[in-house]
Amino acid sequence: SSTQIRGVGPPGVSVALAFEPRRRCWCSRATVHFAAMGDSGHDEEEKAGLLANTQEAIYGRLNGSSRRLDATRRAAIESEEIGLNVMSELQGQREGILRSKAHLHDVDDNLGLSRKVLQTLGFRVQANQLMLMLIAALLTVANIVVVFSKMQKFAAYIPFR
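Residues numbered from 1 in each chain as written. Predicted model: local features only at pLDDT ≥ 70, side-chain atom pairs only at ≥ 80, totals over all residues. Heavy atoms only, no water.

**What to know about the overall build of the protein**
We count it as follows: Secondary structure elements are taken from DSSP: a helix is a run of H or I of four residues or more, a strand is a run of E of two residues or more, and numbering for both begins at the N terminus. Each residue is assigned to one of three classes by its accessible area relative to the maximum for its type, calculated with a 1.4 Å probe on protein chains only: buried under 20%, partly exposed between the two thresholds, exposed over 50%. Whether two residues are in contact is decided by their heavy atoms, any of which lying within 4.5 Å being enough. All accessibility values rest on the Shrake-Rupley procedure with a 1.4 Å probe; residue burial counts only the protein chains present in the view.
From N to C terminus, the protein includes two helices and three strands. Starting at the N terminus and ending at the C terminus, the protein contains elements arranged as β-β-β-α-α. Sorting the 161 residues of the protein into buried and exposed places 9% on the buried side. Pairs at least 24 apart in sequence give 23% of the contacts found in the protein among residues at least 6 apart. Just so you have it, the protein exposes about 13900 Å², and 61% of that area is on carbon and sulfur atoms.

Here is the structure:
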């Protein structure tokens, strides 16, 4: 299937353009209608010259359009390559962020565990200090009782009266 465009060029000239996908180009056909211009006064050279000028103009426009299409196609391909590169970089950054997030969760879990261990150690330190104070108080009371009882026995041997 081919796409066709029909139009009218200079007076008396009809133009037909067809895109041929297999050849990937536009092909043109110009037809000069000399009957509308009064065929009697024109000779074959004028007909051929008019037809050649029309075809040259059409081919010139088609070539210019083809160059612009090629430039646009190259720009689109370049833009697509840039887009793919950007997407690749973004994918790499996403993976890095996800790894960092996983490490952050691991560190957070370890900090929670460390906090619990430190709290347990703190409670044990407080319990040990309390037991130490109780033992010190008990020993002090025991020493006072021993000293007091020794003083009473010793006082019984000393005559004060």
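Anyway, onward from the coordinates.
**Considerations on a nonpolar patch on the surface**
Note the threshold: Only residues whose relative accessible area exceeds 30% and that take part in no salt bridge are eligible for patches, with like-charged residues grouped when within 9 Å of each other and nonpolar side chains (Val, Leu, Ile, Met, Phe, Trp, Tyr) grouped when within 5 Å. Any carboxyl oxygen of Asp or Glu within 4 Å of a side-chain nitrogen of Lys or Arg constitutes a salt bridge here.
Taken together, the side chains of L113, V117, L118 and L121 make up a nonpolar region of the molecular surface, amounting to roughly 390 Å² of accessible area. By the secondary structure assignment, V117 is in helix α2 (residues 44-157). Looking at V117, the relative accessible area reads 44%, which means it is partly exposed.

**Topic: the confidence of the model for the protein**
Put simply, the rule is: Every residue carries a pLDDT, the predictor's confidence in it, which falls somewhere between 0 and 100.
Residues at a pLDDT of 70 or more form 70% of the protein, whose mean pLDDT is 80. Confidence, expressed as mean pLDDT per element, reaches its minimum in the protein at helix α1 (residues 34-37) with 46 and its maximum at α2 with 91.

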